[in-house]
Amino acid sequence: LYLVTSLSTLILLAYATFRWIKGWSRILPILFFTLWNQYLTGNHFLTATFLGFICLLTFILWRSWFEKKNLIKAFLLGVISGIGVFSMQILTFFAGVIFISILLVSLNAKVGIKHFFTAVLGFLAIGVPIFLWLISTNIFNDFYYWTIKYHFKSYPYSSLVRSPDDILVYLTIQSPAV
């Protein structure tokens, strides 16, 4: 419930501030929310602490790229998405929506697919070193188990509401908002 509430609030706040506030000051309410949300709600998990901030940076970069398409912004969008996905794997869905939107906008805006590939390159700039480190330290199997296999089993999270059915509910709630 915390994740759904937090992301929904962030998305609504981002929409409202970007619609009604002009200039650089429109990021101040969102910045305040992302920096203080985890303390106000009592969620002090280290990885969840940066969830709102990563989503905020991704949204701001995506909005900035959407208004004026730039390869540097696309690359940074990939880097920030990579940091988010490898820190908190639930952001895979959010990053997937961002990358699909970059692909579709790139094709429709006639700027070419190079923006999409630049964003993928930014994602890989974070992902490949982490992946190589996981393999070189011989812990890739543990990483795979604890980040993918463990989360999709219904037993460990059945009491914590994180079964595959709940991921579908999360997608149903968050996808239209994203």
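Residue indices begin from 1 for each chain and proceed along its sequence in written order. Two thresholds apply to this predicted model, a pLDDT of at least 70 for residue-level local features and 80 or more for giving and counting side-chain atom pairs, whereas whole-chain, interface and lining totals are computed over all residues. Neither water nor hydrogens contribute to the side-chain values; these are computed over all heavy atoms in the structure.

Asks: What should I look at first to understand the packing of aromatic side chains in this one?
Replies: The description of an aromatic ring pair rests on the distance of the ring centres and on the angle between the ring planes. Each pair of aromatic rings taken from Phe, Tyr and Trp, with Trp reduced to its six-membered ring, is defined by centres within 6.5 Å and is described as stacked if the planes are under 30 degrees apart, edge-to-face if over 60, and tilted in the remaining cases. Counted by the stated rule, this structure contains 5 aromatic pairs. With centroids separated by 5.3 Å and ring planes inclined at 20°, the aromatic side chains of Trp62 and Phe66 adopt a geometry described as stacked. With Trp62 and Phe66 both in helix α4 (residues 51–67), this residue pair falls 4 residues apart, about one helical turn. Site record: aromatic cluster; members linked through ring pairs are Phe86, Phe99 and Phe123. Over the ring of Trp65 we find Lys69, and its NZ or CZ is 5.3 Å from the ring centre. Here Lys69 stacks its cationic end above the ring of Phe66, 4.9 Å away from the centre of that ring. Every helix listed is a DSSP run of H or I at least four residues long, and every strand listed is a run of E at least two residues long, numbered separately from the N terminus. Whether a charge sits over a ring comes down to the Lys NZ or Arg CZ being within 6 Å of the ring centre and within 35 degrees of the ring normal.

Asks: Just checking my understanding: could you explain the packing of helix α5 (residues 71–87) against helix α7 (residues 114–136) for this structure?
Replies: Axis angles are defined between N-to-C directions and span 0 to 180 degrees, where every axis is a line fitted to C-alpha atoms and, for a helix, only to the segment in contact. Close contact between α5 and α7 brings their axes to 7 Å; oriented N to C, the two are set at 35°. Relative to α7, the crossing made by α5 is right-handed. For the pair formed by α5 and α7, the contact residues are Leu71, Ala74, Phe75, Gly78, Val79, Ser81, Gly82, Ile83, Val85 and Phe86 on the first element and Lys114, His115, Thr118, Ala119, Leu121, Gly122, Phe123, Ala125, Ile126, Gly127 and Ile130 on the second. Each residue is assigned to one of three groups, with Ala, Val, Leu, Ile, Met, Phe, Trp, Tyr, Cys and Pro labelled nonpolar, Asp, Glu, Lys and Arg labelled charged, and all others, Gly among them, labelled polar. For the contact of α5 with α7, the class distribution of residues is 13 nonpolar, 7 polar and 1 charged. Handedness of each helix crossing follows the sense of rotation of the near helix against the far helix: counterclockwise by less than a right angle gives left-handed, clockwise gives right-handed. Residues are treated as being in contact if the distance between any of their heavy atoms lies within 4.5 Å.

Asks: Hey, could you run me through α7 in this one?
Replies: Every α-helical turn comprises 3.6 residues, leaving residues that sit three or four positions apart pointing alike. Take the residue count of a helix, subtract one, and multiply by 1.5 Å to get its expected span. Its 23 residues place the ends of α7 32 Å apart at the C-alpha level, agreeing with the 33 Å of an ideal helix rising 1.5 Å per residue. A residue's bend is given by the angle between axes fitted to the 7 residues ending at it and the 7 residues starting at it. Taking the largest bend as the criterion, α7 deviates by roughly 30°, centred on Leu124. Exposure categories follow from relative accessible area, calculated using a 1.4 Å probe and restricted to protein chains: below 20% of the type maximum is buried, above 50% is exposed, and the middle band is partly exposed. The set of residues buried in α7 consists of His115, Phe116, Thr118, Ala119, Gly122, Gly127 and Leu134. Note on α7: the residue one or two positions beyond its end, Asn138, has a positive phi of about 60°.

Asks: Would you take a moment to explain α4 for this structure?
Replies: Over its 17 residues, α4 extends 24 Å from the first C-alpha to the last, a length consistent with the 24 Å expected when each residue adds 1.5 Å. Taken together, the buried positions of α4 are occupied by Leu51, Gly52, Ile54, Cys55, Leu56, Thr58, Leu61, Trp62 and Trp65.

Asks: So what exactly am I meant to see when it comes to the pattern of salt bridges here?
Replies: A side chain with one charge can pair with a side chain of the opposite charge if their charged atoms come near. Whenever Lys or Arg places a side-chain nitrogen within 4 Å of a carboxyl oxygen from Asp or Glu, that contact is recorded as a salt bridge. Evaluated as defined, the whole model comprises 1 salt bridge. Residue Glu67 is joined to Arg63 by a salt bridge in which the shortest nitrogen-to-oxygen separation is 3.3 Å. With a gap of 4 residues between them, Glu67 and Arg63 both fall in helix α4, about one helical turn apart. The exposure class assigned to Arg63 is partly exposed, which follows from its relative accessible area of 29%.

Asks: How should I be thinking about the environment of Leu71 in this particular structure?
Replies: Its location among the elements puts Leu71 in helix α5. For the pair Leu71 and Ala119, spaced 48 residues apart in sequence, the C-alpha to C-alpha distance is 8.1 Å. Each residue touching Leu71, except ones within four places of it in the same chain, is listed here: Lys114, His115 and Thr118.

Asks: Help me out: how do you make sense of the nonpolar core in this one?
Replies: The nonpolar side chains of soluble globular proteins are, as a tendency, buried together. Buried Ala, Val, Leu, Ile, Met, Phe, Trp, Tyr and Cys residues that are joined via side-chain atoms within 4.5 Å together make up what is termed a nonpolar core. Counting 27 residues, the largest nonpolar core has Ile30, Cys55, Leu77, Leu91, Ile98 and Ile102 as the members making the most contacts within it. Within the residue set of this core, elements represented by two or more residues are α1 (2–20), α2 (28–40), α4, α5, α6 (91–108) and α7. Setting aside anything within four residues of it in sequence, one finds Cys55 in contact with Leu7, Leu10, Leu91 and Phe94.

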